[in-house]
Amino acid sequence: MKRRVFIGSSRERLDKAAEIRTSLASVPDLECVFWTSIFDPTNFVLESLEGELAKLSGAILIATPDDVGEIRNKLVITPRENVMLEFGLMSARLGRRNVVICQYGEAELPSDLKGLNLIKMDSPTAGEDETAHKALIDWAGELLGTVEGVPRTVIMHGYSGSWHFELALDQWRHIDLKFPDSVEVNGDLALLIPMQGTTMGHGQMQASLTFHLPARGEPRGLYAGQFQVAHVIADAQCCRDGSVHFTSRIACSQILVHKGDPWPELAALDEPPEPWQFNWSLQPLPDSSRTLTGSFYSKTGGTVGRVISAVKL
């Protein structure tokens, strides 16, 4: 766990960045990183920043009056554009509470920044400079550490998260099901899909499968019961029409209760799971993107079913 803080400024005001680093020297277990130390000339600026984000706990952006601009026919002095770009990127990826702007002089800032972490660093009022530096130290002291390589926040596709689902099987382990046969599955799945949705995501699923198979004559007498199952999800991918597709494999299963003798097709239920692949295809309902329906099947496992509903929690 490390507490690393990025300090960004214009090149002309590196002295302000040095002052802030000196102020924060008293904060235990805090490392300050200047923007000048992370930019690799072989990479684009944004690539260098994104690489640093996975190591940061917070960021300080120094807004100094660097450039002359015009807003609504009024001349103003604004911070360097790169500094504000870095502020937006850091706020989006680290969380706005973990980013602070240090404002100097009459540097003009967007009105939308009101209510965010903003510290006026050089107020003409006596003693205000000391108060500003104390506020900065207090902010840095409350930052949480970040495991290196694990970003503080990660922007994921909207389908990422927890889902509760209900399935009904039409075929189970090569047994064609018809009334009054019943095989139902209820469970939860967790998906983690990268922001673009086109890069393969992954996840896991755990569920309870309840079955009731009336007698069909020897050797298929009444057989009913319940068991738990867990799947590992892979290859999750979203399409332009809002559908999501993924595969899963059984990781483990356990019979909880059963009545009667297993049918020949089900004799291996209490043995280690077969390495079958299940293919899932889900589409959003027209009036609710938080509810998906669809189908799944395993060709080798002889299982075909319908996803009655999958609801985002």
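Shown above is the structure to which this text applies.
Quick notes on the rules
Residues numbered from 1 in each chain as written. Predicted model: local features only at pLDDT ≥ 70, side-chain atom pairs only at ≥ 80, totals over all residues. Heavy atoms only, no water. Buried < 20%, exposed > 50% of the residue type's maximum accessible area, 1.4 Å probe, protein only. Helix = DSSP H or I, 4+ residues; strand = E, 2+ residues; numbered from the N terminus. Pairing = 2+ DSSP bridges. Right-handed = clockwise from strand over helix to strand, strands pointing away. Arc of directions from axis to C-beta. Phe/Tyr/Trp six-rings, centres within 6.5 Å; stacked < 30°, edge-to-face > 60°. Salt bridge = Lys/Arg side-chain N within 4 Å of Asp/Glu carboxyl O.

A. Seen up close, the pairing of strand S1 (residues 4-8). Of all 5 residues in S1, 5 are buried, a share of seventy percent or more. Inspection of the sheet shows S1 paired to strand S2 (residues 31-34) by 4 bridges, in the parallel sense. The residue of S2 that forms the bridge with Arg4 is Glu31. Following the chain from S1 across helix H1 (residues 14-23) to the adjacent parallel S2, one finds a crossover that is right-handed. Strand direction decides the pairing type here: S1 and strand S3 (residues 58-63), joined by 4 bridges, are parallel. Within S3, the residue paired with Val5 across the bridge is Gly58.

B. Region of the structure containing the pairing of strand S5 (residues 74-78). As paired elements, strand S4 (residues 67-71) and S5 share 5 bridges and run antiparallel to each other. Residue Val68 lies in a different strand from S5, and its bridge partner there is Ile77. Counted along the chain from S4 to the antiparallel partner S5, the turn is 2 residues long, and its residue Arg72 has a positive phi close to 50°.

C. Highlighting H1. Considered for burial, the residues of H1 that qualify are Ala17, Ile20 and Ser23. For H1, the angular spread of buried residues about the axis comes to 120°, placing them on one side.

D. Just the packing of aromatic side chains, in detail. For the structure shown, the criterion picks out 7 aromatic pairs. Plain terms: the ring middles of Trp172 and Phe211 are 5.2 Å apart, the flat faces sit at 45° to each other, and that makes the pair tilted. On the criterion of sequence distance, the pair formed by Trp172 in strand S8 (residues 161-172) and Phe211 in strand S11 (residues 201-213) is long-range, its members being 39 residues apart. A relative accessible area of 3% means that Trp172 is categorised as buried. On the basis of an interplanar angle of 15° and a centroid distance of 6.4 Å, the ring pair of Trp172 and Phe227 is categorised as stacked. Residue Trp172 is located in strand S8, and its partner Phe227 is located in strand S12 (residues 223-238); the two are separated by 55 residues in the primary sequence. With respect to class, Trp172 is no different from Phe227; both count as buried. Taken together, Phe165, Phe246, Trp280 and Phe296 form an aromatic cluster joined through their ring pairs.

E. Examining the pattern of salt bridges more closely. Inspection of the entire model under this criterion finds 8 salt bridges. Arg80 serves as the salt-bridge partner of Glu12, at 3.2 Å between the closest nitrogen and oxygen. Here Glu12 is found in the loop between S1 and H1, whereas its partner Arg80 is found in the loop between S5 and helix H3 (81-94), with 68 residues between them in sequence. For Arg80, a relative accessible area of 24% translates into the label partly exposed. We note a salt bridge from Arg13 to Asp66, for which the minimum N-O separation is 3.8 Å.

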